[in-house]
Amino acid sequence: MNLVVRETVLAFRRAPLLSALSVTTIAFSLFVFGLFGLVTVNVQRVMGSVAERVEVVAYLRHGTPDETVATAAADVQAFPEVESVTHVSEEAALARARRELPEFRDIFQQQEANPLPASLEIRLKPELRDARHAALVAERMRGFDFVDDVRYGSDWVAKLDHLRNIAGAVGVVVGAAFAIVAVIIIGTTIRMAVLHRGHEIAIMRLVGATDGFVRRPFLLDGLIKGLLGGALAVLLCYGAYAMVDAWLLKADFFTTGESLAGIAAGGLLGLAGSLVSIGRHLRSV
Amino acid sequence: MIKFSQVTKAYAKGAALTDVSFHVPKGEFCFLTGHSGAGKTTALKLIYISELPTSGEVRVSGFSSGRISPRDVPRLRRRLGIVFQDFRLLEDRTAEENVAFALEVTGARRSAIAPRVMRVLTQVGLVAKAHQYPRELSGGEQQRVAIARALVNEPVVLLADEPTGNLDERATRGIFQLLRDINAAGTAVLMATHDLDLVKGFPGAHLVELQHGAVAYDSSESAAEAEEPAP
């Protein structure tokens, strides 16, 4: 077995309690981070499906000739924000109303003339489904003189944007805070390990070990603790998710890629913690 | 091979060495004597560059204290063997593993390690106890393990800081004889000790005596003076 690996295994065996403690602390800080990640993932997915429905509807004046509408639809289709344009004729609007609103079917039946206007339903490209771009397209639509009115639910689109921004910002801040906590915890456990093994490090130096050689087992130690902590955090998150999913509300879990990224993030945090700690503390031994 | 040129080492609370100059040639056995606090340990630390001199120069096996870079310090230490009064063995490893450790940290091939470890353990007379832990060995045996560890990298010089300080008389004699044997095989030995009986037991050896951080007596200089014709 490679010496570095053997030294690392020895480090775990020699201080099993300390090692278990640091893995658990890392796991818990990543767990809290992971819980927040789960909330973010679910909010994002819900908001994604809400954002699907962000569309601009331009109601047309009665009697606008079909050719004019077709030409305009082609123009609108060419807007950079636009994914698709659907022309809903007055008859189609009535048919849809009869289909989707059965409780008003009688009223629609009784009407001699069709009260519903024709419209152009404009879907925006997924990445541009926000208040600013919807307003931009709506403004442009008002410029057509055959357009009577434009609706895009400006209020709730703006609120959705706001919510998304807050979720993103809180996610970054809380994530950074917990990442720092994890680095400090790992740094501390590595420092304890360095002090614990000061005698051994001094002997390594006396017999001519390079700094890199002395450092490597500690870096590997931090990396492994971080990976184990990350894996434990993913398991804890899965437990929390399973409980919420079973008893509270239908939720989504991380994808496999996201889970692996979480474990890798643990490993990176562990490595960062040992790097920060070991540079300073090895010199004092 | 080891050369101190006007070396001064000052700490915040005063100078440990003042204007010290002496020379230990290749293959020599040299005693560094003096009372405790005379500066013996400081002198040894300057040789294995655990400390740097405040002024003056220490030259060791081609390295100079004035020019050595931190990267070169491990390379220098691989040419030295260092032994201490308190043995400094790893308690959770057997004698054999303690010796092998010194080779492993230098990146030696694993296949090369076992035979070399066995050879030095034979040299110090401890093959039979290769698989015992330090706590199962006597003081003299522990010091033999430490010496084996110091020898396994085939150093040009063995530095020994009061190697018999913790040993009874019989073990002391054994360790001293071992150091003489090692020297007879070609390795220079620089031994710091305050035990004048040992010094008397080896009349031909080079003797440097420190007092209050300065060289009080150097047998090689007085020999040189004796050879000069009287005016």
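Here the structure is a predicted model, which is why all the values come from computation and not from measurement.

Trainee: Before we move on, could you go through the overall build of chain B and cite the residues and values that matter?
Mentor: Within chain B, the regular secondary structure consists of eight helices and 10 strands. Of the contacts formed within chain B by residues at least 6 apart in sequence, a portion of 68% connects residues at least 24 apart.

Trainee: Summarise the packing of helix α3 (residues 95-104) of chain B against helix α4 (residues 110-123) of chain B; cite the residues concerned and give the values.
Mentor: Residue and element names in this part refer to chain B. Packing of α3 against α4 leaves a shortest axis separation of 9 Å and a crossing angle of 125 degrees. Considering the angle they form, α3 stands oblique to α4. Crossing geometry of α3 relative to α4 is assigned as right-handed. Between α3, through Ala95, Glu96, Val99, Ala100, Leu103 and Glu104, and α4, the contact on the second element is made entirely by Ile113, Arg116, Val117, Val120 and Leu121. The class makeup of the residues in the contact of α3 with α4 is eight nonpolar, no polar and three charged.

Trainee: I'd like a rundown of the interface of chain A and chain B, residues and numbers included.
Mentor: Residue-level contacts link 10 residues of chain A with 12 residues of chain B. Take the side of chain A that touches chain B: its biggest share by element is four residues, from helix α8 (residues 198-206) of chain A. Looking at side-chain class alone, the side of chain A that touches chain B contains seven nonpolar, two polar and one charged residues.

Trainee: Describe the sheet that holds strand β10 (residues 214-218) of chain B, listing the residues and the values that go with them.
Mentor: Residue and element names in this part refer to chain B. If you walk across this open sheet you meet the six strands as β6-β7-β8-β3-β9-β10, and the pairing is mixed. Edge positions in the sheet fall to β6 (80-84) and β10, since each of these pairs with one other strand and no more. Sheet twist, expressed as the average angle between the axes of neighbouring strands with direction ignored, equals 20 degrees. Against the sheet, helix α1 (residues 40-47) touches β3 (29-33), β7 (157-161), β8 (188-193) and β9 (206-211), its axis set at about 150 degrees to β7. Contacts from helix α6 (residues 169-184) reach β3, β7 and β8 within the one sheet, and its direction differs from that of β8 by about 155 degrees.

Trainee: Help me get a handle on the environment of serine 277 of chain A, residues and values and all.
Mentor: All names here are of chain A. Examined against the element boundaries, serine 277 turns out to sit in helix α10 (residues 256-284). Taking the number of C-beta atoms within 10 Å as the measure of exposure, serine 277 has 23 and is therefore buried. Along the backbone, serine 277 and leucine 219 are 58 residues apart, and their C-alpha atoms lie at a distance of 9.9 Å. With residues near it in sequence (within four places) discarded, serine 277 still touches Gly187, Ile190 and Arg191.

Trainee: Give a description of the pairing of β3 of chain B that names residues and reports values.
Mentor: All names here are of chain B. β3 sits mainly inside the fold: five of its five residues count as buried. Burial along β3 is two-sided: the face carrying Phe29, Phe31 and Thr33 and the face carrying Cys30 and Leu32 are both buried. Where β3 meets β8, five bridges bridge the pair, whose relative direction is parallel. For phenylalanine 31, the partnering residue across the bridge sits in β8 and is methionine 191. Two elements, β3 and β9, share four bridges in a ladder whose sense is parallel. Counted as the bridge partner of threonine 33 is glutamate 209 from β9.

Each value, and the rule that gives it
- Residues numbered from 1 in each chain as written.
- Chains lettered and ligands numbered in written order.
- Predicted model: local features only at pLDDT ≥ 70, side-chain atom pairs only at ≥ 80, totals over all residues.
- Helix = DSSP H or I, 4+ residues; strand = E, 2+ residues; numbered from the N terminus.
- Contact = placed C-beta atoms within 7 Å.
- Axes fitted to C-alpha atoms, helices over the stretch in contact; angles between N-to-C directions.
- Parallel < 35°, antiparallel > 145°, perpendicular 65-115°, else oblique.
- Left-handed = near helix turned anticlockwise from the far one by under 90°.
- Nonpolar A, V, L, I, M, F, W, Y, C, P; charged D, E, K, R; others polar.
- Pairing = 2+ DSSP bridges.
- Buried ≥ 20, exposed ≤ 12 C-beta atoms within 10 Å, placed from the backbone.

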